[in-house]
Amino acid sequence: MKSGRRNRVLSAFILLTALAMIVSACGGNNNAGQNGGNQGTNDPQTNTGGGNNAPAGSALEQAYNGDFKGTKVTMFGPFTDADEVKFTESIRAFEETTGIDIAYEGSKEFEATISVRVNGGNAPDIADFPQPGLLRGFVKDGKVIDVSTFMSEEHLKRQYNQSWLDMASMPGPNGDVMAGVWARSSVKSLVWYNKPEFEAAGYTVPKTWDELMTLTDQIAQDGDPAWSIGIESGAATGWPATDWLEDIMLRTTTPENYDKWVAGELPFTDDIVKNAVKRMSEIWFNDDYVYGGRKAIATTSFGDAVRPLFDNPPKAWLHRQAGFITSFFPEGLSADNYDWFPLPPINAEYGQPALISGDIYAMFNDRPEVRAVMEFFTTAESLKTWIQSGGVTAPMNDADPAWYPNEQERRMAEFLQTADTIRFDGSDLMPGSVGAGTFWKGMTDYVSGTADLDQAMQQIQTGWK
Amino acid sequence: MRKKGPRRSKWLINTVLAVICIIWFVPTLGLLVSSFRPAADILQTGWWKIIPHRDWAAVDTITLDRETDLRQPITVNGVTFSDAQLREGVVQDGNRLVWENRRARTISVQEKQWVMMTNFTLQNYQTVLGGKSYQITMPDGGTKTEQGSGMSQSFWNTLAVTVPATVIPIFIASFAAYAFAWLRFPGRKLFFIIIIALLVVPLQVALIPILRDYTSLGLNGTYFGIWLAHSAFGLPLITYFMYNSISQLPKDLFESAFMDGATNFTIFSRLILPLSVPALASISIFQFLWVWNDYLVSLIFLGSQPNVQVMSMKIANLVGSRGNDWHLLTAAAFISMLMPLAVFFALQRYFVRGLLGGSVKG
């Protein structure tokens with residue numbers, strides 16, 4: 001009796017498992033059909049013709065007419081958590097009007113996963129690259145669809161400044177292609193300070209590098225270190241140091257030299273680069289100027305480094321970081337409590353440069369609804385609520401300054417437009433082995449004292465080989 | 001002399017075990033304590049400060065002249081100190097002098113006192129379980145609070161991945177192990193060697209080829225796909241483990257059963273399965289833990305769409321875009337530990353017996 005029951009349980013289980021397999025396999029088949037459909041149009045070359053034959057009116061217009069109701073566009077990117085919520089919020093209205101479902105998937109492991117996915121033939125329709133250097137590889141392999149095949153040049157020129165378009169143009173297998181569209185940018189050359197305390201102490205915002213150094217020394221005499229610096233960031237430790245160096249490079253040499261440096265033509269061991277590092281060391285390696293001294297820099301998390309500014313009384317006074325740092329400010333701060341000034345020029349002949357970073361959206365599958373979504377992303381409308389909730393600057397020209405939540409962020413957008421030179425974060429443009437490898441590591445070794453200047457620069461340069 | 005030998009070795013074993021336990025336990029305890037502390041506190045002091053200890057506590061403040069030059073020796077109560085000494089803290093008559101506010105030129109006088117940290121919070125757990133809330137500014141200028149999703153959805157997803165991904169391979173592997181152990185068929189040795197050889201192949205090398213096949217079959221992001229992946233990656237070890245256990249069973253048992261007219265299936269279901277429960281239980285724990293804690297395989301084949309996202313990925317995303325919410329990881333780690341712990345304790349009475357399954361000749 002007993003064993004009979006066991007037998008029945010066993011067969012019931014087999015049956016159930018088999019059933020489960022059949023059910024999931026059927027579900028899978030539907031997907032297979034859809035994916036199979038995409039595959040045919042995966043090659044950018046075969047699409048060029050199709051794009052020109054598109055009916056009158058842009059894909060975006062058609063989308064607003066409801067032509068793509070019920071379609072789904074998959075998107076993959078690195079923002080998770082609060083950024084993901086803000087992103088979903090900013091596309092909600094578009095989804096509701098057009099009926100296109102933008103299925104966003106965020107992963108902390110974006111950089112590693114996107115290569116596996118694209119090589120495994122499972123590319124998302126749209127991917128968000130915060131590091132254009134990474135995208136460059138996919139463009140070279142012809143995996144990315146040239147957005148200029150379906151977006152007119154006038155449209156792109158109207159939406160973006162030429163410098164943005166230049167940065168989006170990358171070499172493909174058959175000449176240059178427009179690799180994607182820019183969304184969400186961030187200004188990096190900002191020095192943050194505690195506004196009420198700064199004013200109460202009688203300090204003034206420096207306009208030149210010399211004034212900045214005088215202020216630094218003044219604060220030291222008054223009893224505090226001026227700067228709070230932290231470059232610890234887990235596996236990415238060192239990146240804030242690369243930002244500093246890039247900012248100083250822009251201020252001590254020509255933009256052309258900067259471009260050469262980023263392209264690998266000007267080696268790290270060159271005196272121009274070494275000179276910039278020395279400038280940086282004047283602040284970084286002076287224990288009177290840095291909170292916790294030089295030894296604290298490599299062990300302080302970049303996100304925690306801003307906090308001493310808002311201690312009562314402040315333990316440090318200045319912090320150079322991109323606009324996103326506001327999300328690391330202690331809770332309860334309002335826009336009246338802080339402010340920023342641009343990192344001042346060093347050499348007057350190079351003017352006031354601005355270092356920026358941004359996300360470029362690239363397209364891997366060509367379908368009319370994906371085109372519509374890409375076109376939507378060229379409008380500032382796609383960032384509106386995100387801008388309103390703070391932390392991003394729009395690279396598009398049609399963003400209304402009134403959208404920015406406070407004066408500080410509005411000034412960032414203004415700063416972008418008035419800066420004499422705009423250059424993209426160099427380490428994000430360099431190949432991963434340098435920009436996300438030896439550059440980070442070499443700067444960390446230099447700061448922590450395990451390598452001297454020459455050793456560190458040679459070490460970074462090895463990443464280019 | 002004879003009596004002493006075993007006792008001494010027992011003592012040695014216990015000491016080694018105690019050391020291993022402490023090495024594993026102390027960081028876990030630290031994690032547990034940290035999970036109940038506010039983020040700002042974790043930055044300030046170590047978790048061990050919850051143990052009562054003697055520490056410096058301020059009892060008095062000395063205010064110096066505001067014009068004091070910090071680069072010259074500084075005189076406090078008639079004694080001269082350097083700025084560096086006052087930054088580090090200098091002990092004088094059992095009291096310690098340290099800058100309280102260098103800018104305001106105030107020095108804090110501290111005394112050793114018994115103190116302990118008592119500031120605890122459940123906030124981390126609440127946020128992890130209930131989801132974070134985000135402030136979003138709406139187009140009309142007002143703000144809206146968006147409640148992020150909590151753990152429950154990903155918990156069920158993980159369960160939906162883990163249970164079949166544990167049961168399916170064990171089920172198949174038990175059949176295979178029986179066949180390898182007791183059935184005679186051509187190529188038996190060869191197949192078995194192939195399976196053992198597969199044990200040493202790292203699963204990472206299979207990721208991209210399998211992903212390609214999955215793409216053409218449309219299995220990406222489906223539960224079925226991930227069950228298959230986990231089953232395939234787990235099968236060699238489970239087959240080997242079950243083979244060791246099943247091949248140790250006494251031969252006479254099967255022979256007599258066979259004489260009585262039992263088919264292979266009857267022998268398997270009525271003799272082998274009941275006799276290898278300890279081995280089944282212990283390999284279930286292994287496979288369950290592996291799948292439950294897996295990040296890589298889910299990342300590649302399942303992705304992180306909310307409807308399929310497993311807990312390990314949900315937890316990784318909790319830290320926020322720039323790692324600003326690292327303090328939540330402590331609480332999340334303990335929550336994700338609960339299920340494996342429950343499985344382990346439910347099956348642990350078989351566990352020790354099962355571990356011996358492959359090692360002792362019966």
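Everything here concerns the structure above.
These numbers come from a predicted model, not from an experiment.

## Digging into the interface of chain A and chain B
Interfaces are often sized by the accessible area lost when the parts come together. With 60 residues of chain A at the interface, the matching set in chain B holds 52 residues. At the boundary of chain A and chain B, one finds 6 residue pairs in polar contact (both at pLDDT 80 or more). For the side of chain A that touches chain B, the secondary-structure elements that each account for two or more residues are helix 1 (2–40), helix 4 (81–98), strand 2 (101–106), helix 5 (110–119), helix 10 (209–222) and helix 16 (384–389) of chain A. Top contributing element to the side of chain A that touches chain B by residue count: helix 1 of chain A, with 14 residues. Residues belonging to the side of chain A that touches chain B are distributed by class as follows: 21 nonpolar, 21 polar and 18 charged.

## A look at the sheet that holds strand 9 (residues 338–342) of chain A
Residue and element names in this part refer to chain A. Read across the open sheet, the 3 strands follow the order 8-7-9; overall the sheet is antiparallel. In the strand order of this sheet, the two ends are held by strand 8 (319–320) and strand 9, each with one partner. In this sheet, strand 8 lies alongside strand 7 (residues 190–194) in antiparallel orientation, the contact comprising 2 bridges. Bridge assignment links V191 to a residue of strand 8, and that residue is R320. This element, helix 17 (residues 407–418), spans strand 7 and strand 9 of the sheet and lies at about 10° to strand 9.

## Observations regarding the packing of aromatic side chains
In the structure shown here, the tally under the stated rule is 53 aromatic pairs over all chains. An angle of 65° between the planes, with centres 6.3 Å apart, marks the rings of F87 of chain A and W386 of chain A as edge-to-face. With a gap of 299 residues between them, F87 of chain A in helix 4 and W386 of chain A in helix 16 connect regions that are remote in the sequence. For F87 of chain A, a relative accessible area of 1% corresponds to the buried category. Between F155 of chain B and W156 of chain B the ring centres are 5.5 Å apart and the planes differ by 80°, which places this aromatic pair in the edge-to-face class. Overall, W156 of chain B belongs to the exposed group, its relative accessible area being 56%. The structure contains a cluster of three or more aromatic residues connected by ring pairs, namely Y64, F79, F87, F94, Y104, Y361, F376, F377 and W386 of chain A. Between the NZ or CZ atom of R294 of chain A and the centre of the ring of F285 of chain A, over which it lies, the distance is 3.6 Å. Across the ring face of W340 of chain A, the terminal group of R411 of chain A is positioned such that the distance to the ring centre comes to 4.4 Å.

About the cut-offs
Residues numbered from 1 in each chain as written. Chains lettered and ligands numbered in written order. Predicted model: local features only at pLDDT ≥ 70, side-chain atom pairs only at ≥ 80, totals over all residues. Heavy atoms only, no water. Contact = heavy atoms within 4.5 Å. Polar contact = N/O pair within 3.5 Å; in protein donor to acceptor, adjacent residues only side chain to side chain. Helix = DSSP H or I, 4+ residues; strand = E, 2+ residues; numbered from the N terminus. Nonpolar A, V, L, I, M, F, W, Y, C, P; charged D, E, K, R; others polar. Pairing = 2+ DSSP bridges. Axes fitted to C-alpha atoms, helices over the stretch in contact; angles between N-to-C directions. Phe/Tyr/Trp six-rings, centres within 6.5 Å; stacked < 30°, edge-to-face > 60°. Buried < 20%, exposed > 50% of the residue type's maximum accessible area, 1.4 Å probe, protein only. Lys NZ or Arg CZ within 6 Å of the ring centre and 35° of its normal.

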